[in-house]
Amino acid sequence: QVQLVESGGGLVQAGGSLRLSCAASGSISAINGMGWYRQVSGNQRERVATITRLGRIDYGASVKDRVTISRDNAKNTVYLRMNSLKSEDTGVYYCAAASTSGTILDEYNYWGQGTQVTVSS
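Just so you know, these numbers come straight off a predicted model, no measurement behind them.

**Re unusual backbone geometry**
Moving on, step 1. The phi angle at N76 is positive, at roughly 55 degrees, despite the residue not being glycine.
Moving on, step 2. Mapping N76 onto the fold places it in the loop between β7 (67-72) and β8 (77-82).
Moving on, step 3. Phi at S84 is positive, roughly 50 degrees, even though this residue is not glycine.
Moving on, step 4. The residue S84 is located in the loop between β8 and β9 (91-98) in this model.

**Here's the deal with the pairing of β8**
Moving on, step 1. Of all six residues in β8, five are buried; the element is thus mostly enclosed.
Moving on, step 2. For strand β3 (residues 18-26) and β8, the ladder comprises six bridges, and the chain directions are antiparallel. Bridge pairing in β8 links A23 to T77.
Moving on, step 3. In the sheet, β7 pairs with β8 via six bridges, with the strands oriented antiparallel. Looking across to β8, one finds that D72 is bridged to T77.
Moving on, step 4. Where β7 folds back on β8, the antiparallel hairpin that results is connected by four residues, among which N76 adopts a positive phi of roughly 55 degrees.

Here is what the cut-offs are and how they apply
- Residues numbered from 1 in each chain as written.
- Predicted model: local features only at pLDDT ≥ 70, side-chain atom pairs only at ≥ 80, totals over all residues.
- Heavy atoms only, no water.
- Helix = DSSP H or I, 4+ residues; strand = E, 2+ residues; numbered from the N terminus.
- Buried < 20%, exposed > 50% of the residue type's maximum accessible area, 1.4 Å probe, protein only.
- Pairing = 2+ DSSP bridges.

Next up, the structure:
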C-alpha cells in the first residue's frame, strides 16, 4: 500500500504562485508515475502534471506554460510549482501515484486526500 500526503495548498491572489508537495510512504518500490490532478468546478479530474521515476513529464494543456513538476526519488516526494495563477485554477488538487508510467488517469491507483487551491481575483 502507498500513502500520499499533500501540502502547500491555500489562498493566493491572481497572478501569484504556489508550490505543492506530495510525500509518498509505504510500498515505494511499487511507484513509477507520480503527479497532480485537479478537480475544478465539478468537472472531471484533469491532469496538471505527472512525472515518471525516470523523469518523463506530461503537462496538462491548460497549465503547461505555467507549471513545473519535479521529483526527488530519494525523498519519495513530488513538487508542483504553479505560476501566474488564475481564478479558473481554483479547485482541489490531488496527488496521485501509479505503478505504471501513468500515461492516463485510470493508471493511477493511489490518491492523496486533496488540497484546496483558491485563487482570488
